[in-house]
Amino acid sequence: MQSPRRPTRDILIETAARLFRRSGYHGVGLTEILATSGVPKGSLYHHFPNGKADLAIAAASWAATGMFQIIEDAFQHAESFEEGVKTLCYKLAKFFDISEQAMGCPVSSILSQADDIPEFRSATGQIFDGWIEHIARHGCRLGIAEKQARDQAELVLILIQGAWVMARLRDTSDPIRRVGDQFTR
């Protein structure tokens, strides 16, 4: 039995996300995306009328959805905010270990490295704010006051972003785990 073919739009988004994550927005051309995905040029413009820019925003949104799920999984059974942060960091460290370690954050690699495109700054802000709000909601659920939960969630995201960069430089996921360990001390 032959497996069903994935939708062309999904193939384009996932391929672009992987390539942008590896090389950044300006480091990847449409020719590479099309060659890697095996999708014809006309299909790209059918799904993404503004070409590479539309595809980049869709790829970042797709990657952001994955992060929302990781956050949810990390905090779902946590008995404290600190435990949820530690679990989140350990999950992200595991992701770092099993993915191509030279890759950056899927969202910042795609969008914030091309801040000459105004829509990218807005999309990046919306995604990061969404992650912060999601973490903060869990903080509130676990007994932290709303303002403090938001501040803590923003700090967590800042630390994870920095830890990811350090992990790439050192070629080890230890800095990401260290963030989680610091929250439980």
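Bear in mind that the values here come from a model prediction, so they are computed numbers and not experimental data. (Residues numbered from 1 in each chain as written. Predicted model: local features only at pLDDT ≥ 70, side-chain atom pairs only at ≥ 80, totals over all residues. Heavy atoms only, no water.)

Looking only at helices and strands, one finds nine helices and zero strands in the chain. Computed over C-alpha atoms, the radius of gyration of the chain comes to 18 Å, within 12% of the 16 Å expected from 2.2 N^0.38 for 185 residues, which places it in the range of a compact globule. In terms of its C-alpha atoms, the chain occupies a principal-axis envelope of roughly 55 × 40 × 30 Å. Split into buried and exposed, the 185 residues of the chain put 43% on the buried side. Pairs at least 24 residues apart make up 66% of the contacts formed inside the chain by residues separated by at least 6 positions. Positive and negative side-chain charges of the chain, numbering 21 and 22 respectively, have mean locations separated by a distance of 5 Å. (Helix = DSSP H or I, 4+ residues; strand = E, 2+ residues; numbered from the N terminus. Rg over C-alpha atoms; globule rule 2.2 N^0.38 Å. Buried < 20%, exposed > 50% of the residue type's maximum accessible area, 1.4 Å probe, protein only. Contact = heavy atoms within 4.5 Å. Lys, Arg positive; Asp, Glu negative; His and termini not counted. Charge placed at Lys NZ, Arg CZ, Asp CG, Glu CD.)

Quick look at helix H1 (residues 8–23) now. In a regular helix each residue adds 1.5 Å, so 16 residues correspond to 22 Å; H1 covers 22 Å between its end C-alpha atoms and thus fits that length. Residues of H1 that are buried include every one of Ile11, Leu12, Ile13, Thr15, Ala16, Ala17, Leu19, Phe20 and Arg21, and no others. At the C-terminal side of H1, Gly24 shows a positive phi close to 80°. (Expected span 1.5 Å × (residues − 1).)

A separate point is the side chain of Thr15. Along the chain, the position of Thr15 falls in helix H1. With relative accessibility at 6%, the residue Thr15 sits in the buried group. Here the side chain of Thr15 touches Ile11 through a polar contact of 2.8 Å, landing on its backbone oxygen. Once residues lying within four places of it in the same chain are set aside, the contact partners of Thr15 are Ile33, Thr36 and Ser37. (Polar contact = N/O pair within 3.5 Å; in protein donor to acceptor, adjacent residues only side chain to side chain.)

For the rest of this paragraph, the subject is the nonpolar core. Buried together is how nonpolar side chains tend to be arranged in soluble globular proteins. By size, the foremost hydrophobic cluster in this structure holds 55 residues, and its most contacted members are Phe20, Ile33, Leu88, Trp131 and Ile176. Of all the secondary-structure elements, those providing two or more residues to this core are H1, helix H2 (30–37), helix H4 (52–75), helix H5 (81–98), helix H6 (106–110), helix H7 (118–141), helix H8 (146–170) and helix H9 (174–183). Ranked by residue count, the leading element in this core is H4, at ten residues. Apart from residues lying up to four places away in sequence, Ile176 is in contact with Cys89, Leu92, Ala93, Phe96, Ala163, Trp164 and Ala167. (Core = buried A, V, L, I, M, F, W, Y, C linked by side-chain atoms within 4.5 Å.)

This part covers the packing of H5 against H8. Put simply, H5 and H8 touch, their axes get as near as 12 Å, and they point 25° apart. Here H8 runs roughly parallel to H5, going by the angle between their axes. Every pair of crossing elements has a handedness; the one defined by H5 and H8 is right-handed. For the pair H5 and H8, the contacting residues are Phe81, Val85, Leu88, Cys89, Leu92, Phe95 and Phe96 in the first and Gln152, Ala153, Val156, Ile160, Trp164, Ala167 and Arg168 in the second. Residues that form the contact of H5 with H8 fall into these classes: twelve nonpolar, one polar and one charged. (Axes fitted to C-alpha atoms, helices over the stretch in contact; angles between N-to-C directions. Parallel < 35°, antiparallel > 145°, perpendicular 65-115°, else oblique. Left-handed = near helix turned anticlockwise from the far one by under 90°. Nonpolar A, V, L, I, M, F, W, Y, C, P; charged D, E, K, R; others polar.)

All right, on to the packing of aromatic side chains then. Summed over the entire model, instances satisfying the criterion amount to seven aromatic pairs. Judged by centre distance (6.1 Å) and plane angle (40°), the rings of Phe95 and Trp164 are tilted. Residue Phe95 is located in helix H5, and its partner Trp164 is located in helix H8; the two are separated by 69 residues in the primary sequence. Taking relative accessible area as the criterion, Phe95 reaches 32% and is therefore assigned partly exposed. Among the aromatic side chains, those forming a connected cluster through ring pairs are Phe20, Tyr25 and Phe120. Cation over ring: Lys52 sits above Tyr25, and NZ or CZ is 4.3 Å from the ring centre. The ring of Tyr90 carries the charged tip of Arg177 above its face, separated from the ring centre by 5.8 Å. (Phe/Tyr/Trp six-rings, centres within 6.5 Å; stacked < 30°, edge-to-face > 60°. Lys NZ or Arg CZ within 6 Å of the ring centre and 35° of its normal.)

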